[in-house]
Amino acid sequence: MFDLVIRGGTVVDGSGRSRYRADVGVRDGRIASIGRITEAGAEEVDAEGRFVAPGFIEVHTHMDAQVFWDPLGTCSSWHGITTAVLGNCGFTLAPCAEPDKNLVMRSLERAEDISREAMLEGISWQWETFPDYLDAVERIGKGINYAGYMGHSPLRTYVMGERAFEEPGTEDDVATMCRHLEEAVKAGALGLSTSRTPNHQTSDDKPVPSRQADWSEVRALVNRMGSLGAGIFEIANEQNGEPGLRRAYYDRLRDLAAESGRPLSFILGWSPSSPGTTQDYIDLFEEAADRGGRIFGQGHSREFMSIVGFPVHLPFDSLPSWREFRALPLPAQASLLRDPEHRARLVLEASAGPYRTPIGAEARPPDYDALRVLERGDHPVRTVSEVAAARRVEPIDALIDLSLEADFDCFFGQPFANQDMDQVLRILKDPHVVIGGSDSGAHVSQIIDSSIPTFLLSYWVRDRQAFTWEEGIRKLTFDPAMAFGFTDRGLIAEGRAADLVVFDPETVAPDLPHADTDLPAGATRLTQRAVGIDATIVNGQVLLRDGQHTGRLPGALLRGPLARQR
């Protein structure tokens, strides 16, 4: 009768209502029965002592390229993600004809730290337009579900060529962009994404193309979606230091949401350099709602951290002696660090600098009072300065010694936003905020944030008890599903798609990060698995059991509402 029965678990259904004991029966990829099931399933998952939740939804990823070489969608799938949104911050692989792919890669390789070599080796280019790209994603085997925006930067380069990196679009350029955007939304794009942040630069130190657009160009594109009655607008925000410029930007966002009738979304964080902007954005959500617009934030569950370590990047890599030293294989680096004379030269230069200003998630100049030792997966507690004080050594020596003792399988995290966890909680509690911001697929050797859901559950729900299990799971499932129009997911109910996660509430947590060379062309990336997840089920099929792939690829392309209405 059932293809799959999840037996004996405690159902936390995503609605926020109280949990209950029940079996869950699945047939033809959908939830067919919830309750006491006496029949055996063709396949069963023993969920005794476990929670059964809807599959988690990650609304901010950059797996547009990775989807072609990693059928499992790691590291996201390891943390219970069953649906991921691609194409954020204006970065996609389409529209773009294969001969022009350099224009797209120029934006991706620095702004999003995606290896050009990996893209060249790992992608079989099968598209030109964005509808072509969606068809290509639909054709390939996938472990999880994907939906995606069209990116503003490749849209500009498709229409304008090299001019896109230098100047605003003309009236004809913008009209052509609007026509391609309409075609994309009708084919199933979730909407349009763009970037206006100075953190997004090309590999040759230019602004990415979307940053060259006038606001009138942005308005025209979003209003075209408004005329269609479909599409979400996602933006990487401007960063204005002067209060008047900030207020003018907020007004532009508010007015665009109201005039277009389309939802606007962006990552919402907290920074000590501009602590008041968090409240400004929270106020903006209400201002927009009062005028008939919808704006919602995407909240990270912890600090945004640059991850450093010998297998990936170090703060010292740009210094002359370190640059030569870091070009050596890791065993040779270890040998030189055990030579007191050579080590002393490196330490002296690391202490003196000078350090360059980082862009985005690049390694920061070392702040040892803030640099965390990643000794546990959920929330590191010791800083390098604290370890150095306990060992009675200088912080740089503590970092080197810890790395050598671990045979370089040791990493450190330096927060660059969300340093105040009380402010993080404030963001997460706001009703206009959904959980998101992992950037999975990007910054692959700079950050490792696919663990947003397991961190939320282990730290904020279990340890801090800032949310009930019902509240925490709703934030990972039903809330993002409704915000992004995934109306048949995010809830355990009969007739819904059977995307499910079975996990142990006593142990679920992120594991420690590691460095792997599993990208095409042997490029390095940070990886992080989870503990405490028994099974991840996508469209009614078990994708992972105890973190191990079953061999199935049940994921689907989720198209936007206009494509679904055809």
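Residues numbered from 1 in each chain as written. Predicted model: local features only at pLDDT ≥ 70, side-chain atom pairs only at ≥ 80, totals over all residues. Heavy atoms only, no water.

Draft legend 1. Expanded view of the overall build of the protein chain. A count of helices and strands for the protein chain gives 18 helices and 23 strands. Scaling as 2.2 N^0.38, a compact globule of 566 residues should have a C-alpha radius of gyration of about 24 Å, and the protein chain matches this with 23 Å. Along the three orthogonal principal directions, the C-alpha set of the protein chain runs to about 70 × 60 × 45 Å. Across the 566 residues of the protein chain, 61% fall into the buried class. Summarising the internal contacts of the protein chain: among those between residues at least 6 apart in sequence, 75% fall at separations of at least 24. Summed over all atoms, the accessible surface of the protein chain reaches about 20,700 Å², with 47% contributed by carbon and sulfur. Put simply, the protein chain has 58 plus and 83 minus side-chain charges, and the middle of one group is 3 Å from the middle of the other. (Helix = DSSP H or I, 4+ residues; strand = E, 2+ residues; numbered from the N terminus. Rg over C-alpha atoms; globule rule 2.2 N^0.38 Å. Buried < 20%, exposed > 50% of the residue type's maximum accessible area, 1.4 Å probe, protein only. Contact = heavy atoms within 4.5 Å. Areas by Shrake-Rupley, 256 points an atom, 1.4 Å probe, with all protein chains shown as cover. Lys, Arg positive; Asp, Glu negative; His and termini not counted. Charge placed at Lys NZ, Arg CZ, Asp CG, Glu CD.)

Draft legend 2. Geometry of helix 12 (residues 384-391). All of the buried residues in helix 12 are V384, S385, V387 and A388. Down the axis of helix 12, the smallest arc covering the buried residues is 160 degrees, so these residues share one side. Along helix 12, the residues that are exposed and aim more than 90 degrees away from the buried face are A389 and A390. Taken together, the buried residues of helix 12 touch strand 15 (372-373), helix 13 (395-405) and strand 16 (412-417). (Arc of directions from axis to C-beta.)

Draft legend 3. Focus on unusual backbone geometry. Residues T74 and C75 are joined by a peptide bond in cis, for which omega reads 10 degrees. With respect to the helices, strands and loops of the structure, C75 is situated in the loop between strand 6 (56-58) and strand 7 (81-86). Of note, the phi angle at N418 is positive, near 60 degrees, even though the residue is not glycine. Along the chain, the position of N418 falls in the loop between strand 16 and helix 14 (421-429).

Draft legend 4. Molecular detail of the environment of H79. Here H79 shows up in the loop between strand 6 and strand 7. In the structure, H79 is positioned 460 residues away from N539 in sequence and 17 Å away in space, judged by C-alpha atoms. H79 has contacts with F56, S450, S451, P453, T454, P510, Q528, R529, A530 and I533, leaving out every residue within four places of it along the chain. Within polar-contact distance, the side chain of H79 engages the backbone oxygen of Q528 at 2.8 Å. (Polar contact = N/O pair within 3.5 Å; in protein donor to acceptor, adjacent residues only side chain to side chain.)

Draft legend 5. Structural detail: the pattern of salt bridges. In total, this model carries 46 salt bridges according to the counting rule given. Of the charged contacts, one joins R545 and E43 as a salt bridge, the two residues approaching to 3.3 Å between their closest N and O atoms. Taken together, the residues span a long stretch of sequence, with R545 in strand 22 (residues 541-545) and E43 in strand 4 (residues 41-46) at a distance of 502 residues. Take R545: its relative accessible area is 31%, and that puts it in the partly exposed class. The closest approach of N and O atoms between R252 and E238, which form a salt bridge, is 3.1 Å. (Salt bridge = Lys/Arg side-chain N within 4 Å of Asp/Glu carboxyl O.)

Draft legend 6. Looking closely at the sheet that holds strand 7. Taken in spatial order, the three strands of this open sheet run 6-7-8, and their pairing is parallel. The sheet terminates laterally at strand 6 and strand 8 (145-148), the two strands that pair on one side only. Strand-to-strand twist of the sheet, defined as the mean angle between neighbouring strand axes without regard to direction, takes the value 20 degrees. Relative to strand 7, strand 6 is paired through three bridges, and the arrangement is parallel. If you follow E58 over to strand 7, its bridge partner there is A84. (Pairing = 2+ DSSP bridges. Axes fitted to C-alpha atoms, helices over the stretch in contact; angles between N-to-C directions.)

Draft legend 7. View of the pairing of strand 10 (residues 191-195). Among the five residues of strand 10, five are classified as buried, and the element is accordingly described as predominantly covered. Judged from the two bridges that link them, strand 9 (residues 150-151) and strand 10 form a sheet pairing that is parallel. Each residue of the ladder has a partner; that of G151, found in strand 10, is S193. Where strand 10 lies against strand 11 (residues 232-236), five bridges are found, and the strand directions are parallel. Among the inter-strand pairings, S193 is bridged to a residue of strand 11, identified as E234. In this fold, strand 10 hands off to helix 6 (residues 215-228), which returns the chain to strand 11; that crossover is right-handed. (Right-handed = clockwise from strand over helix to strand, strands pointing away.)

Draft legend 8. Seen up close, the side chain of D499. By secondary structure assignment, the location of D499 is in the loop between helix 17 (478-483) and strand 18 (500-503). Classification of D499 by relative accessible area gives buried; the value is 6%. Looking at D499, its side chain comes within polar contact range of the side chain of N145, at 2.9 Å. Filtering out sequence-adjacent residues up to four positions away, D499 remains in contact with A53, P54, G55, T82, T83, N145, R489, I537, V538 and N539.

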